[in-house]
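Secondary and tertiary structure notes
For reference, the chains in residue letters:
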Amino acid sequence: MGISNPQVASSSLAGPTSLRRRFLNCDGKCDVSMGTVYAVGPRWYANYVDPASGERVRRSMGRTIRTKAQARAHLHVLESVAGAPVGPVGFDTIGEVVEAFLTDKEERREARTVRGYRLHLASFTAHVGEDTPINEVRREHVASFLRARVAGGLSRVTANKELVTLRVFWRWAERADMADADPARKVDAYSVRPTPRKPPTLEAFQAGLADLRRMTLPGARWTGKEGRLVSAVEAHAADLYADALELVSWTGVRIGEVAALLPCEVDLGAGTIFIRASENKTPRIVPLATGARAVIERRLLDNGATVFVTSAGENALDSFANTGKHWRARSPQFALVTPHGVRHLVNDRLRAAGVDPVIAARLLGHKTIQMHGHYSHESVEELREAVGRLQR
């Protein structure tokens, strides 16, 4: 049993960059008489056909392979298990590459992100056929897929999200030498009229918070007198969401950061919380005002794995999304009272209080002052006052 094309791009395969971009030979794969070894990021896999069942098998070899000899030894073990040598197997259909992509992302990204990838890519593979060779997918296939989705009632915003997923997928497949080109790269996204980022007023936020709290009372209904009664689980979710919105209003943290907050990251003695899972990958310490401290103390009584947990003891991020959607459908007057809208409100209040923009940006977790500028909403009176100063 030997290795075809034993020419190696680099004798050293150590280090994350080389493991991500270099494989066991210049073709990006190590072909032997009974299968193929390939890398996805730092993890190595064997791909072969089981002689007993005739089925294609993809098996993880872990992160230990560094040389051709180790790869050959691993495949020799698999051959012994199979009982007979089998022919080399390609790894080129869209369905197989999608599965490899999702396997890799499950180790690197949040479960919610991977679920989105899986849904978007399932729709695309159903459109082109999962047995279609990946290198036969063209720009026209991607464009026709998006047109069909929009014609079927999908919003343009969601269609653009699916296009982003396809671009992420093909960039990954190109880096892994599983695809020759990116057919999604030159497909234009749909033009979408930007939604004005108008934050709720402080009065609207406070009224919305009170409305959420009323849903936790016995006999509360979803819509008016004829609506369905709010269940105990839904009442707990509404109370949880109200606490999360209140914490955002006091600290300006993101709703995902609220959901990921661990009890060990709360320091009530110092009156701070440590935001580890920041969107811009930069951890930060956020001080707690009296109102925020009361929310945290109330939630710590649940003794969950995270500070905010559902009645089933699970992470509350999905609960926040579902509760917010159903609550705003029940009470459309509070359409602007969203976690992101409340962050805009916090920024406006900080600016009105004269807080330095650099300090406000650090509090809100903005990586650049330019990003922080998107959260500023100057009123006409403020602009008029600024012009008036030029005349003094």
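Residues numbered from 1 in each chain as written. Predicted model: local features only at pLDDT ≥ 70, side-chain atom pairs only at ≥ 80, totals over all residues. Heavy atoms only, no water.

**A few points about the overall build of the protein chain**
Applied cut-off: Put simply, DSSP marks the helices as runs of H or I at least four residues long and the strands as runs of E at least two long, and each gets a number from the N terminus on. Any residue under 20% of the maximum accessible area for its type is buried, any over 50% is exposed, and the rest in between are partly exposed; the area is computed with a 1.4 Å probe on protein chains only. What makes two residues a contact is simply this: any of their non-hydrogen atoms within 4.5 Å. Each accessible area value is a Shrake-Rupley result obtained with a 1.4 Å probe; residue values ignore everything except the protein chains displayed when judging cover.
Helix and strand content of the protein chain: 15 helices and 7 strands. When burial is assessed residue by residue, the protein chain has 40% of its 392 residues classed as buried. A sequence separation of at least 24 residues applies to 60% of the contacts in the protein chain between residues at least 6 apart. Accessible area for the protein chain stands at about 21000 Å²; split by element, carbon and sulfur atoms hold 54% of it.

**Here we look at helix α7 (residues 202-214)**
Applicable threshold: An expected span of 1.5 Å times one less than the residue number is assigned to each helix. The arc under discussion is defined with respect to the helix axis, by the directions toward the C-beta atoms.
The terminal C-alpha atoms of α7, which comprises 13 residues, lie 19 Å apart, in line with the 18 Å expected from a rise of 1.5 Å per residue. Those residues of α7 lying buried are Phe205, Gly208, Leu209, Asp211 and Leu212. Across the axial projection of α7, the buried residues extend over an arc of 160°, all falling on one side. Looking at the buried residues of α7, the elements they touch are α8 (232-251), α11 (317-330) and α12 (339-352).

**Observations concerning the pattern of salt bridges**
Threshold: Any Lys or Arg side-chain nitrogen located within 4 Å of an Asp or Glu carboxyl oxygen qualifies as a salt bridge.
Evaluation of the coordinates by the stated rule reveals 19 salt bridges. Glutamate 174 is the salt-bridge partner of arginine 185, the closest N and O atoms lying 2.9 Å from each other. Of this pair, arginine 185 sits in the loop between α6 (156-175) and α7 while glutamate 174 sits in helix α6, and the two are 11 residues apart along the sequence. Its salt-bridge partner being arginine 299, residue aspartate 302 comes within 2.9 Å of it at the nearest N-O pair.

**Notes on the environment of leucine 102**
In this fold, leucine 102 is placed in helix α3 (residues 94-106). The exposure class of leucine 102 is buried, given its relative accessible area of 2%. Remark: the alpha-carbon pair of leucine 102 and valine 114, spanning 12 residues in sequence, is separated by 6.9 Å. In this structure, leucine 102 is in contact with Val114, Tyr117, Arg118 and Leu121, ignoring residues within four places of it in sequence.

**Quick word on the packing of α8 against α11**
Put simply, the rule is: Angles run from 0 to 180 degrees between N-to-C directions of axes, and those axes are lines fitted to C-alpha atoms, restricted for helices to the stretch in contact. Relative orientations are named as follows: roughly parallel for angles under 35 degrees, roughly antiparallel for angles over 145 degrees, roughly perpendicular for angles from 65 to 115 degrees, and oblique for any other angle.
Running from N to C, α8 and α11 cross one another at 100°; their axes reach a closest spacing of 9 Å. When the axis of α8 is compared with that of α11, the two are roughly perpendicular. Each of Ala237, Ala238, Leu240, Tyr241 and Ala244 in α8 lies in contact with α11, whose residues at this interface are Ser319, Phe320, Thr323, Gly324, Trp327 and Arg328.

**A look at the sheet that holds strand β7 (residues 284-287)**
The test is simple: DSSP calls a pair of strands paired once it identifies at least 2 bridges connecting them.
Pairing is antiparallel in the open sheet, where 3 strands are placed in the order β5-β6-β7. A single partner strand is all that each edge strand has here, and the edge strands are β5 (266-267) and β7. In this sheet, strand β6 (residues 272-275) lies alongside β5 in antiparallel orientation, the contact comprising 2 bridges. Within β6, the residue paired with valine 266 across the bridge is isoleucine 273.

**With respect to the side chain of asparagine 160**
What counts here: Between N or O atoms, a polar contact is any pair within 3.5 Å; within protein, one atom must be a potential hydrogen donor and the other a potential acceptor, and residues adjacent in sequence are included only when both atoms are from side chains.
When you line up the elements, asparagine 160 lands in helix α6. A distance of 2.8 Å separates a polar side-chain atom of asparagine 160 from the backbone nitrogen of tyrosine 190. The residues contacting asparagine 160, other than those within four sequence positions of it, are Ala189, Tyr190 and Val192.

**Points about the environment of isoleucine 134**
The topology assignment puts isoleucine 134 in the loop between α4 (111-128) and α5 (139-151). Relative accessible area serves as the criterion here: at 1%, isoleucine 134 is assigned to the buried category. The sequence separation of isoleucine 134 and methionine 178 amounts to 44 residues, and the corresponding C-alpha distance is 8.0 Å.

**Thoughts on α6**
Here α6 is 20 residues long and its end C-alpha atoms lie 29 Å apart, about the 28 Å a rise of 1.5 Å per residue gives. Within the sequence span of α6, burial applies to Ala159, Asn160, Glu162, Leu163, Thr165, Leu166, Val168, Phe169, Trp170, Trp172 and Ala173. Phi for aspartate 177, located one or two positions after α6, is positive at around 60°.

**Here's the deal with the nonpolar core**
This is how the line gets drawn: Here, nonpolar core means buried Ala, Val, Leu, Ile, Met, Phe, Trp, Tyr and Cys residues that are tied together by side-chain atoms lying within 4.5 Å of each other.
Leu212, Leu245, Val258, Ile273, Ile296, Phe308 and Phe320 are the most contacted members of the largest nonpolar core, which totals 42 residues. Those elements that place two or more of their residues in this core are α7, α8, α9 (255-260), β6, α10 (290-300), α11, α12 and α13 (357-364). If you tally residues by element for this core, the top one is α8, at 9 residues. Among residues more than four places away in sequence, those in contact with isoleucine 273 are Leu261, Glu265, Val266, Arg284, Ile285, Val286, Leu288 and Ile296.

**Notes on the environment of valine 230**
You can see valine 230 is positioned in the loop between α7 and α8. Residue valine 230 is classed as buried on the basis of its relative accessible area of 14%. On a C-alpha basis, the gap between valine 230 and leucine 217 in space is 8.9 Å, while along the polypeptide they are 13 residues apart.

**Structural notes on the confidence of the model for the protein chain**
Should the pLDDT be low somewhere, the predicted coordinates at that spot are not to be read in detail. What counts here: A residue's pLDDT is the confidence the predictor assigns to it, expressed on a 0 to 100 scale.
When pLDDT is averaged along the protein chain, the result is 76; 68% of the residues meet or exceed 70. When the elements of the protein chain are averaged for pLDDT, helix α1 (residues 16-21) gives the smallest value, 28, and α5 the largest, 94. The model gives residues 1-34 a pLDDT under 50, and that stretch makes 86 contacts with residues more than four places away or in other chains. In the model, residues 84-91 has pLDDT below 50 throughout and makes 32 contacts with residues more than four positions away in sequence or in other chains.

**Comments concerning the pairing of β6**
Turn length for the β5-β6 hairpin, with the two strands adjacent in sequence and antiparallel, is 4 residues, and the turn residue glycine 271 shows positive phi of about 70°. Relative to β7, β6 is paired through 4 bridges, and the arrangement is antiparallel. Bridging across to β7, threonine 272 finds its partner in proline 287.

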